[in-house]
Amino acid sequence: MPEVDRREVAQVELGSDGFQLMFGDGERIKSRRVVVAAGIAPFASRPEPLRNLPRELVSHSSEERDLSRFAGKEVAVVGAGQSALESAALLSEAGAKVQLFVRCPLVHWLWQRPLLHKWPIKPILYAPPDVGPAFISQIVARPNWYRRMRRGWQDKWGIRSIRPAGAGWLKPRVDNVSNVSIVTGRSITSAAPVGGRLALKLDDGSERTVDHVLTGTGYRVDISRYAFLGRKLLASIRHVDGYPQLDAGFQSSVPGLHFLGAPAAWSFGPLMRFVAGAEFASRALARAVAENN
Ligand SMILES: Cc1cc2nc3c(=O)[nH]c(=O)nc-3n(C[C@H](O)[C@H](O)[C@H](O)COP(=O)(O)OP(=O)(O)OC[C@H]3O[C@@H](n4cnc5c(N)ncnc54)[C@H](O)[C@@H]3O)c2cc1C
């Protein structure tokens, strides 16, 4: 890649002949085609009672780099996936007292059953990207098959393939330590700042006070949260639940505007949320661009 422009793109808007892009420094350029591969940072999701609270009291796992600042503090962690479970382990190892709140009845840990992961059974049940459970993994690995399935199956398998779970190697670091307690089947219903701490109420009526809440509650794709997409452009993109509807070349309903990565998951399935999806996506995109230039 000889030419990489490292400036932030502040705005992309429909122009008279294609798109007009404005950089953070105010310079504008025109382009006939735009590929949005801007990641998931703006999609960080926080459950309702924990939104709009000061950053010193509530943060998302994506906002934390060094958990050692929580040494000696009481921290509530919310979630049941790798972000929440690994944050709980790292907080505990940094010397914090951790309460992990999981709304489902149990925490799922990922273990490979030896029998199912041996030749010749493994290649029948699981395709190499290894995203999704037995058999479904084969469909997930073939996004062009996936997008031809009935919508109901796509939605069901999409959720099943990325349900919250923790890697098996993490379990002893959360389970066998005295400073992590796991509360399952409970949700936080309200949170209020009290004297520099946070008073939490749970759905069973019980109360807790903690120094901080760390939400490991994942990401919810919603392209309207890409601040650089201009209003006129955004209004022209056909979308479902925040995901753009894409054709075989990852092109949205606006000709020349493509989306890669997690926003492509509604059209091409859960593989698009992983690095392993990049090979399929980049080839399909390159083919479509070459054919239409
Ligand atoms: C906790 C976690 C664990 C994961 N673990 C795995 C794993 O084990 N295996 C796996 O395959 N995948 C994993 N993933 C997913 C993987 O990280 C993503 O699939 C991959 O990073 C997506 O690549 P991307 O290029 O779409 O987005 P990103 O890697 O997020 O890149 C987006 C880029 O766009 C830039 N950008 C954004 N907005 C602008 C703008 N306005 N102007 C200019 N540049 C901009 C950003 O600076 C960034 O460089 C994980 C994700 C998370 C959150």
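Residues numbered from 1 in each chain as written. Predicted model: local features only at pLDDT ≥ 70, side-chain atom pairs only at ≥ 80, totals over all residues. Heavy atoms only, no water.

(A) Main features of the side chain of Ser92. Locating Ser92 in the fold gives a position in helix α1 (residues 82-93). Under the relative-accessibility criterion, Ser92 is labelled buried at 8%. Setting aside chain neighbours within four positions, we find Ser92 in contact with Val98, Arg173, Val177, Asn179 and Val180. (Helix = DSSP H or I, 4+ residues; strand = E, 2+ residues; numbered from the N terminus. Buried < 20%, exposed > 50% of the residue type's maximum accessible area, 1.4 Å probe, protein only. Contact = heavy atoms within 4.5 Å.)

(B) Examining α1 more closely. Taking 1.5 Å of rise per residue, 12 residues should cover 16 Å, and α1 covers 16 Å from first to last C-alpha, within 8% of that figure. Remark: Gly95 follows α1 within two positions and exhibits a positive phi of approximately 100°. (Expected span 1.5 Å × (residues − 1).)

(C) The pairing of strand β14 (residues 212-215), seen in detail. Here β14 shows no split at all, with His212 and Leu214 on one side and Val213 and Thr215 on the other all buried. By the bridge criterion, 3 bridges tie strand β5 (residues 58-60) to β14 in an arrangement that is parallel. Looking at β14, one finds that His60 is bridged to Thr215. (Pairing = 2+ DSSP bridges.)

(D) Looking closely at the pattern of salt bridges. Tallying each qualifying case throughout the model produces 17 salt bridges. The salt bridge partner of Asp5 is Arg7, with a shortest N-O separation of 2.7 Å. For Asp5, a relative accessible area of 43% translates into the label partly exposed. With a closest N to O distance of 3.1 Å, Arg186 and Asp204 form a salt bridge. Linking Arg186 in the loop between β10 (180-184) and β11 (188-194) with Asp204 in the loop between β12 (197-202) and β13 (207-210), this pair joins segments that are 18 residues apart in sequence. When salt bridges with common partners are traced through the structure, they connect Arg46, Arg55, Glu63, Glu64 and Arg69 into a single cluster. (Salt bridge = Lys/Arg side-chain N within 4 Å of Asp/Glu carboxyl O.)

(E) The domain arrangement of the protein, seen in detail. As far as domains go, the protein holds domain 1 (9-40 + 222-292), domain 2 (43-105 + 165-215) and domain 3 (114-161). Inter-centroid distance (C-alpha atoms) of domain 2 to domain 3 is 32 Å. (Domains from an automatic or database assignment.)

(F) Representation of the site of the ligand. Taken together, the neighbourhood of the ligand is formed by 15 residues, with Val9, Ala38, Arg273, Phe274 and Val275 sitting nearest. Within the contact set of the ligand, an oxygen atom lies 2.8 Å away from a backbone nitrogen or oxygen of Arg273. Val275 places a polar main-chain atom, nitrogen or oxygen, 2.9 Å from an oxygen atom of the ligand. Relative to its unbound accessible area of 1000 Å², the ligand is 43% covered by the protein chains. (Near = heavy atom within 4 Å. Polar contact = N/O pair within 3.5 Å; in protein donor to acceptor, adjacent residues only side chain to side chain. Areas by Shrake-Rupley, 256 points an atom, 1.4 Å probe, with all protein chains shown as cover.)

(G) Broad picture of the side chain of Ser161. Mapped onto the fold, Ser161 is located in helix α5 (residues 151-161). For Ser161, a relative accessible area of 12% corresponds to the buried category. In this view, Ser161 contacts Gly132, Pro133, Ile136, Val140 and Pro270; residues no more than four positions away in its chain are not counted.

(H) Examining the packing of aromatic side chains more closely. All chains considered together, the criterion is met by 6 aromatic pairs. Ring geometry for Phe268 and Phe280: centres 5.8 Å apart, planes at 55°, overall tilted. Taken together, the residues span a long stretch of sequence, with Phe268 in helix α8 (residues 265-268) and Phe280 in helix α9 (residues 278-292) at a distance of 12 residues. Aromatic ring contacts, followed pair by pair, group Phe43, Tyr226 and Phe228 into a single cluster. (Phe/Tyr/Trp six-rings, centres within 6.5 Å; stacked < 30°, edge-to-face > 60°.)

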